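Architecture and fold: a report
What follows is the residue order along each chain.
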Amino acid sequence: MSEQRIASLAELSGGNAIVFTYKQDGIRREGFALLANGKIVCYENLCRHLPVKLDSGSRHFLTKSGCHILCQSHGALYQLETGFCERGPCAGASLIALPYCVKQEIVYLLIEDQI
């Protein structure tokens, strides 16, 4: 496994979502990380209904209340801590969680090495 720096804990602490790019199976993808009730969550930035970015490029992922992740295109509501879609056209599906680790207050994406 390789590690790719996402952000420091301080960068995430202000309620900011950090958007980052990574490669998986040779394909460039986008992910985001944020703090949800004090816990780091890291997901692929892709709606489970149609393959569009959840934030539509706005960098805003949460509902006004901050209680759910919101797909800006379809209105789907995903649970913060699990990525499970509670309401919308993809109800019952889940966001793709991305593996991460924290070392010395830096969050890293864990990337499977490709041979």
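Please read all numbers here as calculations on a predicted model, not as lab measurements.

Things to note about the environment of Lys 39
Within the fold, Lys 39 resides in strand β4 (residues 39–44). Lys 39 sits twelve residues away from Ile 27 along the chain, and the two C-alpha atoms are 28 Å apart. Excluding residues that lie within four positions of it along the chain, Lys 39 makes contacts with Leu 34 and Glu 81.

Structural notes on the packing of aromatic side chains
Applying the stated rule across the entire model yields three aromatic pairs. Between Phe 32 and Tyr 43 the ring centres are 6.0 Å apart and the planes differ by 50 degrees, which places this aromatic pair in the tilted class. Of this pair, Phe 32 sits in strand β3 (residues 27–36) while Tyr 43 sits in strand β4, and the two are eleven residues apart along the sequence. The residues Phe 32 and Tyr 43 share a single accessibility class, namely buried.

Overview of the sheet that holds β3
Strand order across the open sheet formed by three strands is β2-β3-β4, with antiparallel pairing between neighbours. Strand pairing shows two members of the sheet lacking a second neighbour, β2 (18–24) and β4, which therefore form its edges. For this sheet, the mean angle separating the axes of adjacent strands, direction not counted, is 30 degrees. As judged from the six bridges shared by β3 and β4, these two strands associate in the antiparallel manner. Opposite Ala 33, over in β4, you have Cys 42 as the bridge partner.

Thresholds applied
Residues numbered from 1 in each chain as written. Predicted model: local features only at pLDDT ≥ 70, side-chain atom pairs only at ≥ 80, totals over all residues. Heavy atoms only, no water. Helix = DSSP H or I, 4+ residues; strand = E, 2+ residues; numbered from the N terminus. Contact = heavy atoms within 4.5 Å. Phe/Tyr/Trp six-rings, centres within 6.5 Å; stacked < 30°, edge-to-face > 60°. Buried < 20%, exposed > 50% of the residue type's maximum accessible area, 1.4 Å probe, protein only. Pairing = 2+ DSSP bridges. Axes fitted to C-alpha atoms, helices over the stretch in contact; angles between N-to-C directions.

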